[in-house]
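What follows is the residue order along each chain.
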Amino acid sequence: MFVIQSRDKETRARTGLLRTAHGDIPTPIFMPVGTAGTVKGILQRDLKDDIDAKIILGNTYHLYLRPGTEILKASGGLHRFISWERPILTDSGGYQVFSLTGNRKLTDEGAIFKSHIDGSTHIFTPENTIDIQRIIGADIIMAFDECAPFPSDYRYAKKSLELTHHWLDRAVARFHETEPLWGNEQFLFPIVQGSTFDDLRKISAEKAASVSLAGNAIGGLSVGEPVEEMYRIIEIVNGILPEDKPRYLMGVGTPVNILEAIERGIDMFDCVMPTRNGRNGMLFTNEGIINIRNRKWIDDFSPLDSDGPSVVSLYYSKAYLRHLVISGEILGAQIASIHNLAFYLKLVTEARKRIEGGDFKRWKNQMIRKLSERL
RNA sequence: GGGGAGAUACCAAAGCGGCCAACUGGGGCAGACUGUAAAUCUGCUGGCAAAUGCCUUCGUAGGUUCGAAUCCUGCUCUCCCCA
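Residues numbered from 1 in each chain as written. Chains lettered and ligands numbered in written order. Predicted model: local features only at pLDDT ≥ 70, side-chain atom pairs only at ≥ 80, totals over all residues. Heavy atoms only, no water.

**Structural notes on the overall build of chain A**
- Each helix and strand counted, chain A has 15 helices and 17 strands in total.
- Against the 2.2 N^0.38 benchmark of 21 Å for 375 residues, chain A shows a C-alpha radius of gyration of 20 Å, consistent with a compact globule.
- Along the three orthogonal principal directions, the C-alpha set of chain A runs to about 60 × 50 × 40 Å.
- Each of the 375 residues in chain A was classed as buried or not, and the buried ones make up 58%.
- Counting only contacts in chain A whose residues sit at least 6 apart along the sequence, the fraction spanning at least 24 positions is 69%.
- Counting only carbon and sulfur atoms, one obtains 51% of the accessible surface of chain A, whose full area is about 15,100 Å².
- Taking the average location of the 46 positive side-chain charges in chain A and that of its 47 negative ones, the two points are 2 Å from each other. (Helix = DSSP H or I, 4+ residues; strand = E, 2+ residues; numbered from the N terminus. Rg over C-alpha atoms; globule rule 2.2 N^0.38 Å. Buried < 20%, exposed > 50% of the residue type's maximum accessible area, 1.4 Å probe, protein only. Contact = heavy atoms within 4.5 Å. Areas by Shrake-Rupley, 256 points an atom, 1.4 Å probe, with all protein chains shown as cover. Lys, Arg positive; Asp, Glu negative; His and termini not counted. Charge placed at Lys NZ, Arg CZ, Asp CG, Glu CD.)

**Concerning the sheet that holds strand β3 (residues 23–27)**
- Taken in spatial order, the three strands of this open sheet run β1-β2-β3, and their pairing is antiparallel. If you trace the sheet from one side to the other, it starts and ends with β1 (2–7) and β3, each paired once. The sheet shows a mean angle of 15° between the axes of neighbouring strands, taken without regard to direction.
- Lying on the sheet, helix α14 (residues 330–357) is in contact with β1, β2 (14–20) and β3; it crosses β2 at an angle near 125°. (Pairing = 2+ DSSP bridges. Axes fitted to C-alpha atoms, helices over the stretch in contact; angles between N-to-C directions.)

**Observations regarding the environment of N365**
- Examined against the element boundaries, N365 turns out to sit in helix α15 (residues 360–371).
- Each C-alpha atom, one on N365 and one on R276, is 26 Å from the other, the two residues being 89 residues apart in sequence.

**Some thoughts on the protein's contact with RNA strand B**
- In the vicinity of RNA strand B lie 43 residues, with Y95, C147, G251, V272 and T275 positioned nearest.
- Those atoms of RNA strand B that come within 4 Å of the protein belong to sugar or phosphate at a rate of 50%.
- In the model, a phosphate oxygen of RNA strand B is placed 3.1 Å from a nitrogen or oxygen of the R279 side chain.
- Between RNA strand B and R293, the relevant distance is 3.0 Å, taken from a base nitrogen to a side-chain nitrogen or oxygen of the residue.
- Elements with a contribution of two residues or more to the surface near RNA strand B: β5 (56–59), α5 (94–99), β15 (268–271), α11 (273–279) and α13 (318–326).
- Here the surface near RNA strand B gets five residues from one element, more than from any other, and that element is α11.
- When its residues are assigned to classes, the surface near RNA strand B shows 14 nonpolar, 19 polar and ten charged. (Near = heavy atom within 4 Å. Polar contact = N/O pair within 3.5 Å; in protein donor to acceptor, adjacent residues only side chain to side chain. Nonpolar A, V, L, I, M, F, W, Y, C, P; charged D, E, K, R; others polar.)

**Focus on empty space enclosed by the protein**
- Applying the stated rule across the entire model yields one cavity of 30 Å³ or more.
- The calculated volume of the largest cavity comes to roughly 30 Å³.
- Looking at the largest cavity, the residues that line it are A143, F144, D145, T164, H165, L168 and I191.
- Ranked by the residues each element gives to the lining of the largest cavity, the list is headed by helix α7 (residues 154–177), at three residues.
- Residue classes in the lining of the largest cavity are distributed as four nonpolar, two polar and one charged. (1 Å grid on protein atoms, 1.4 Å probe; cavity = no way out; pocket = protein on both sides within 12 Å on 5 of 7 lines; lining within 4 Å. Points joined across faces, edges and corners; volume = space filled by probe spheres on them.)

Structure (structure tokens):
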């Protein structure tokens, strides 16, 4: 269940608390992506004690292929398997079906796809993705959808949306006729699609609202469309999605994207950017974005980020991290990932404070100016 | 002392008469990355104009040829084997 705690006077931004069996999640929130049962390169301990992640993601597609449902079931669910006692959200695998184009075929029944690991053939349906997510036991689970690529023509987007809606009805039915396996309540979120077409997005938002689930998600964005398009779609969709339920913008995004979306009433985010880009040398700092591999940091012994979102941010220097990343040392990827995630978490925590404090808009504009800087 | 192999751009290493400013790898420099098939991928890497162009390079000094990193000669250096 979700309770709204405060609203910004100038914008649609709000703060809230999403209560789950594994703990409360203050919103707005950023959720680190832990696809295969791990936020790549980071110990659960650091995720909890240093980064203070409130909830992390897992992925149905990846966990289903490996370690597989038998092991997940035998281990007592994903929380126990990975030793993470806080909330987890699992994506349904819809995005993988989208990104594995060429290895899959969509039918009315579901998506037939080939494993990227061994080429074996499998099928995901609205029903079995619910079943798998019951086994995984995440606190929040997602309906199986098709994420239409950008650009999509209207005809394709409409057809795809109809399929997603048809699948949604089946997922909801399966969800209601099954029970959690591990004792913790699970929430199912529908996913709004419709590509960049306003009318399709409206229809989809209405459809999502009509199934009356615990929260709602917006998918199919940040797949290559201009950011203005994304912001416009968020405004349209959030004008329709119920106020009293959390809104989750899937896969987004840059710190600037997140602030813009919070302003438009989004409560939840996830993105691989802090970890993947971190591994590749991109650092989000209080001063701006830096590519730590660049020569100019070679003798810069100042801390990674004087604002110190994480312990590692103050403890290690730019010159040292550059050395680690350039050398391909695992520790470099770890430090960058920890710092970036802590930066993201601090960003949404600060946004929450500013919304409560009543100066969100002013703070947001100031932050955006800083975050647009490439150092 | 005798016999053999070789010297190519930052490094390693191809090329063995024109298609060579020179394959490839590393290194270096920069870029990309948005519900993770990503500790991945892309571009550039002699100089200058930076589009088509021009100039200087393949140990060194000469030579042969319309034309040489590639063929010939001298020199310098390196490595290997046998005494």
